[in-house]
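Next come the chains, spelled out residue by residue.
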Amino acid sequence: EMEAKYTRKMQALREEMDLRRKTEIHELEERKNTQISELIGNHEGAFGAIKNYYNDITAKNLTLINLLKVQVEDLKKKETVLEKEKADVLLQNKELTEPLQEAQELVAELQKKLVHYCRDKETLMNSKAHLKITQKELKDLQWEHEVLEQHFSKVQAERDELYEKFTKAINEVQQKTGFKNLLLERKLQELLSLLEKKEVELSEVVAASKLEPSTLNLVSHRLENVLSSKNATIQDLQLQLARVCKAHNDMLQTFEAKLTAFGIPVDNLGFQPLSFPFPGQ
């Protein structure tokens, strides 16, 4: 029963779907026919417009062709008249050829003379202008020469003054630097000698006193503190010595650069500047 029931439903649904499909196909055919009719109407209208357009162009071209034919006839008539005038003009040209040739020869000769005259005139003007420019340049060069001579004398005096000042300054700095370095080195040697003496005395005191290990450790610790302080003092003195040496060498380099800038050879000093080595070198 269920199978028969659903078979009937399927048959009814199939018939309904067939009917709907046929209805839709019919509507599509009607819309297609309507569009085809519209396209045919549009094409016929466009074809008529194009046909009228080309008919108008054809009519205009025919009118233009007729007009051009009339113009061509007029031009032929004018050409005939011009040919006659041309023959007359050629005849007149033949009659005027000899006088024209003579006049042209005369003009050519006069143009040559004019060219030579203009060239000579231009050369003269250029020479005068060049002479004025040369005279002005000569005056300017003479004035510049005088100015340069004065400037040279001034620069030479400044160079001599700077040379004398640098020589004096380098001597003073060398004396001061050498004296300071000597003091620092002596002070360093004295400290080293004192340290050696203190170490010897300490060894003798330790050997003579025969201290206990704890007391000996305490003394050794204090002695190490003193030695550390002295070593720090020695390093500080060495650092000061290195700074002084570097300042002295930098001053020598600056002095030599200034001498080179002023064109003074270092050999003209009359002495050899002393360059201090850094500690440890």
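My aim in this report is to walk through the structure given alongside it, one point at a time. It should be emphasised that the depicted structure is a prediction, and the values quoted were computed from it without experimental measurement. Residue indices follow the written sequence of each chain, beginning from 1 at its first position. Side-chain atom pairs in this predicted model are given and counted only at pLDDT of 80 or more, local residue features only at pLDDT of at least 70, and totals for whole chains, interfaces and linings cover all residues. Note that water and hydrogens are dropped before the side-chain values are worked out from all heavy atoms of the structure.

**Observations regarding the nonpolar core**
Line of reasoning, step 1. Only buried residues count toward a nonpolar core. Its members are Ala, Val, Leu, Ile, Met, Phe, Trp, Tyr and Cys residues joined through side-chain atoms within 4.5 Å. Note on classification: 1.4 Å probe, protein chains only; a residue is buried when its accessible area is under 20% of the maximum for its type, exposed when over 50%, partly exposed between these limits. Within the largest apolar cluster, seven residues are counted, these being L184, L188, L191, I234, L237, L241 and C245.
Line of reasoning, step 2. Think of it this way: any DSSP run of H or I at least four residues long counts as a helix, any run of E at least two long counts as a strand, and we number them from the N terminus. Secondary-structure elements contributing two or more residues to this core are α1 (2-209) and α2 (213-261).
Line of reasoning, step 3. The dominant element in this core, judged by the number of residues it contributes, is α2, at four residues.

**Observations concerning the pattern of salt bridges**
Line of reasoning, step 1. Every case where a carboxyl oxygen of Asp or Glu lies within 4 Å of a side-chain nitrogen of Lys or Arg is listed as a salt bridge. Evaluation of the coordinates by the stated rule reveals three salt bridges.
Line of reasoning, step 2. Across the salt bridge formed by E16 and R20, the nearest N and O atoms sit 3.6 Å from each other. Of this pair, E16 and R20 both sit in helix α1, four residues apart, which is roughly one turn of that helix.
Line of reasoning, step 3. When its relative accessible area of 43% is taken as the criterion, E16 is described as partly exposed.
Line of reasoning, step 4. You can call R20 partly exposed: its relative accessible area is 44%.
Line of reasoning, step 5. Among the salt bridges present, the one from D18 reaches R21, with a minimum N-O distance of 3.9 Å. Separated by three residues within a single helix, D18 and R21 lie in helix α1, roughly one turn from each other.
Line of reasoning, step 6. Overall, the relative accessible area of 31% leaves D18 in the partly exposed class.

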